[in-house]
Amino acid sequence: MHEIARLRVLNSYVDAVTFQSSLDAAVALAKDRATTSYVVAINPEKIMIAQREPFIANFIERADLLLPDGIGVVVAAKWLCGKRLERTPGADLAEALIRVSGEQGLDVFLFGASEPVNSATAREMRNRYPNARIVGRRNGYLSANEYDALVEQINSSGANVLLVALGSPKQEEWIATYGERLNVGLCMGVGGAFDTYAGAVKRAPRVWQNARLEWLYRLLCQPRRLWRQRRIFLFAARVLLAKISRAFSRPAKPE
Ligand code: UDP
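Calculation criteria
- Residues numbered from 1 in each chain as written.
- Predicted model: local features only at pLDDT ≥ 70, side-chain atom pairs only at ≥ 80, totals over all residues.
- Heavy atoms only, no water.
- Near = heavy atom within 4 Å.
- Polar contact = N/O pair within 3.5 Å; in protein donor to acceptor, adjacent residues only side chain to side chain.
- Areas by Shrake-Rupley, 256 points an atom, 1.4 Å probe, with all protein chains shown as cover.
- Pairing = 2+ DSSP bridges.
- Helix = DSSP H or I, 4+ residues; strand = E, 2+ residues; numbered from the N terminus.
- Axes fitted to C-alpha atoms, helices over the stretch in contact; angles between N-to-C directions.
- Contact = heavy atoms within 4.5 Å.

**Considerations on the site of the ligand**
- In the vicinity of the ligand lie 16 residues, with Ala-113, Tyr-141, Lys-170, Asp-195 and Arg-228 positioned nearest.
- Take Ala-165: an N or O atom from its main chain is 3.3 Å from an oxygen atom of the ligand.
- For the ligand, an oxygen atom lies 2.7 Å from a polar atom in the side chain of Lys-170.
- Expressed as a share of its isolated accessible area of 550 Å², the protein-covered part of the ligand is 77%.

Printed below as a string of structure tokens:
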């Protein structure tokens, strides 16, 4: 695997990947079951949570792959690090892993979301990708005393890839707690991705995505998220301040 540059954005990090290089890296990590690696999709919300929750900051720092999941992170990397990144949504990478699972010989386990959404996700992915190797699934509404049996189920399924759709920070806490006991090569938190695969939540139409306004579409469709997503605006303000303070602290050019 090529060395991937890691950029610092505010007090957090993101990797300088393209969609294809992140898929290549994720496939390589998934094949190596000697260690359980994990991917985190980095967006403004997560960076702001990391500012005040050391657990999340630490989880991000230790991750094997940090995706530029949100457009806010792509813009911040350009402004603050001078690097042009390609937006790589976690939901798209997770779907791509399922798409290539047949040809790459990777077994995938789907954990999380409600039972109807979880089962519809497995069905929909098998429809879209008939060669997909989905070897197990479990909904995300288990009690804590069922987690030991779940770890057994995942390990005995022989999965290389575990997708965890519990939302943040629950999925990060679950991966941090149980990751060491898993025999999978790659673990990835995918938030509400199963809801979009199953069609329970609509993703923004292409025009919104191309206009880099997927976040706004999501806010308009699910206004109850506004309070949670206030962090997007805080993030934008912090990036702007960092940019301005750098412009002023730049040493004057010699005459
Ligand atoms: N979820 C779950 N178990 C829980 C809480 C949530 O499986 O105990 C699922 C929920 O059904 C949904 C996902 O986690 O599918 C959270 O989606 P959301 O869009 O809120 O996550 P985000 O991407 O914002 O972190």
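**Concerning the sheet that holds strand β3 (residues 37-42)**
- Strand order across the open sheet formed by six strands is β4-β3-β8-β7-β5-β6, with parallel pairing between neighbours. Here the strands that pair on one side only, and so sit at the sheet edges, are β4 (65-68) and β6 (134-138). For this sheet, the mean inter-axis angle between neighbouring strands, taken without regard to orientation, is 20 degrees.
- Relative to strand β7 (residues 161-165), strand β5 (residues 108-112) runs parallel, the two sharing five bridges. Counterpart to Phe-109 in the pairing with β7 is Leu-162.
- Along the sheet, helix α3 (residues 54-62) contacts β3 and β4; its crossing angle with β3, the most-contacted strand, is approximately 115 degrees.

Take it as geometry only, folks, not as evidence of what the structure does.
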